[in-house]
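# Observations on chain architecture
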Amino acid sequence: MWLPLLLGALLWAALWWFRDRQSLPASDAFVFITGCDSGFGRLLALRLDQKGFRVLASCLTPSGAENLQQVASSRLHTTLLDVTDPQSVRQAAKWVETRVGEAGLFGLVNNAGVAGIIGPTPWLTQDDFHRVLSVNTLGPIGVTLALLPLLQQAQGRVVNITSVLGRLAASGGGYCVSKFGLEAFSDSLRRDVAPFGVQVSIVEPGFFQTPVTCLESLENSLQACWARLPLSTQARYGEAFLTKYLKVQRHIINLLCDPDLTKVSRCLEHALTARHPRTRYSPGWDAKLLWLPASYLPACLVDAALGWVLPKPAQPAY
Ligand SMILES: NC(=O)c1ccc[n+]([C@@H]2O[C@H](COP(=O)([O-])OP(=O)(O)OC[C@H]3O[C@@H](n4cnc5c(N)ncnc54)[C@H](OP(=O)(O)O)[C@@H]3O)[C@@H](O)[C@H]2O)c1
């Protein structure tokens, strides 16, 4: 009884492994990446450039673009793009169209993102959410829609970088909301563009050492958020709440952040070069062993665990 089951499982795993490792032939296809100033985007641009792809790298700042251009080959071209600005998105799409010509666009990697304020929801304003959602969710939606005709022309691929925090909302703030939104967009897009030969993958990294997880800027933004709270709210939480919240955040970042960004870029490369790209990738040990398993647990268990880790307000009762 058990032996056939075990053999069946082994055969299935071997076939999956063999299928997963099949690559497309080496290619000089066009790939457009957003947010190449730093982090995963910059690393991916350079790695794809080395592999012979014609990389169209968009950066938020002129210094980011110059810096990337200096270390890349002459095949890589940069442009400026602010994904929150529809005019900037239109200009970038026109630029891509001119570059790719009849070949169309083989790859679009929606990488640009910001952390925003990570903190207790009652401290935030609608604008705080809006700022993060406009970069992390509406930005990739706008860029994808603008480039879809070129992607269909090349029967290409869209790779959206979400996060494990798009599977489990472990913190307050717009970040988790924005990444859940991008997950939903990616799922519906995948089904809607499959008939046109366009494939969609989602990369959900765990915690990695990049500017998005820079402790100093996370702490500064939370402290600024605290400073603008009415005195009555500050009194309700107590100064000790803020201190402990910052301490927990520091511990989590120090414990979980992985310095090896190639774990993420290898997944992004697989999504672009494999014959059969996966629907989802989860780079990082914390993604595989902590966040994703936790996302399947009953909400009451997750709430209890996070409630135990996070500080309690000094005067919760009105
Ligand atoms: N690091 C992690 O632990 C982690 C985990 C899961 C998911 N992610 C996601 O991975 C992606 C890349 O982040 P990263 O970790 O590599 O951090 P990063 O180095 O800060 O990369 C984000 C990039 O997006 C750019 N950007 C910010 N606002 C933009 C805008 N309005 N328009 C266009 N570009 C904009 C940034 O430019 P500037 O550098 O000029 O600001 C930066 O180049 C993000 O979507 C992030 O949410 C990161």
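Rules used in this analysis
- Residues numbered from 1 in each chain as written.
- Predicted model: local features only at pLDDT ≥ 70, side-chain atom pairs only at ≥ 80, totals over all residues.
- Heavy atoms only, no water.
- Helix = DSSP H or I, 4+ residues; strand = E, 2+ residues; numbered from the N terminus.
- Rg over C-alpha atoms; globule rule 2.2 N^0.38 Å.
- Buried < 20%, exposed > 50% of the residue type's maximum accessible area, 1.4 Å probe, protein only.
- Contact = heavy atoms within 4.5 Å.
- Polar contact = N/O pair within 3.5 Å; in protein donor to acceptor, adjacent residues only side chain to side chain.
- Phe/Tyr/Trp six-rings, centres within 6.5 Å; stacked < 30°, edge-to-face > 60°.
- 1 Å grid on protein atoms, 1.4 Å probe; cavity = no way out; pocket = protein on both sides within 12 Å on 5 of 7 lines; lining within 4 Å.
- Points joined across faces, edges and corners; volume = space filled by probe spheres on them.

### Focus: the overall build of the protein chain
Of the regular secondary structure elements, the protein chain holds 12 helices and 7 strands. For 318 residues, the compact-globule estimate of 2.2 N^0.38 gives 20 Å, and the protein chain sits close to it at 21 Å. Once the C-alpha set of the protein chain is aligned to its principal axes, its extents read approximately 65 × 65 × 35 Å. Of all 318 residues assigned to the protein chain, the portion counted as buried reaches 48%. Taking contacts inside the protein chain between residues at least 6 apart in sequence as the whole, the part at least 24 apart equals 73%.

### A few points about the side chain of Asp-187
Residue position: Asp-187 is located in helix α6 (residues 174–193). Among the residues examined, Asp-187 registers a relative accessible area of 18% and is labelled buried. Here Arg-190 takes part through its side chain, which lies 2.7 Å from a polar atom of the side chain of Asp-187. Engagement of the side chain of Asp-187 in a polar contact is seen with the side chain of Arg-280, the distance being 3.3 Å. Excluding anything up to four places from it in sequence, Asp-187 contacts Ile-202 and Arg-280.

### Things to note about the packing of aromatic side chains
A complete count under the given rule lists 7 aromatic pairs for this structure. With a centroid separation of 5.8 Å and an interplanar angle of 85°, the aromatic rings of Phe-40 and Phe-208 are classed as edge-to-face. With Phe-40 in helix α2 (residues 39–50) and Phe-208 in the loop between β6 (199–203) and α7 (215–227), this residue pair connects regions lying 168 residues apart in the sequence. Phe-208 matches Phe-40 in its accessibility class, with the two residues each being buried.

### Some remarks on empty space enclosed by the protein
Throughout the structure, instances matching the rule amount to 1 cavity of 30 Å³ or more. If you trace the largest cavity, you find it lined by Phe-32, Leu-81, Val-89, Ala-92, Ala-93, Val-96, Val-143, Ala-146 and Leu-147. Broken down by secondary-structure element, the contributors of at least two residues to the lining of the largest cavity are α4 (86–100) and α5 (126–153). In terms of residue count, α4 provides more of the lining of the largest cavity than any other element does, 4 residues in total.

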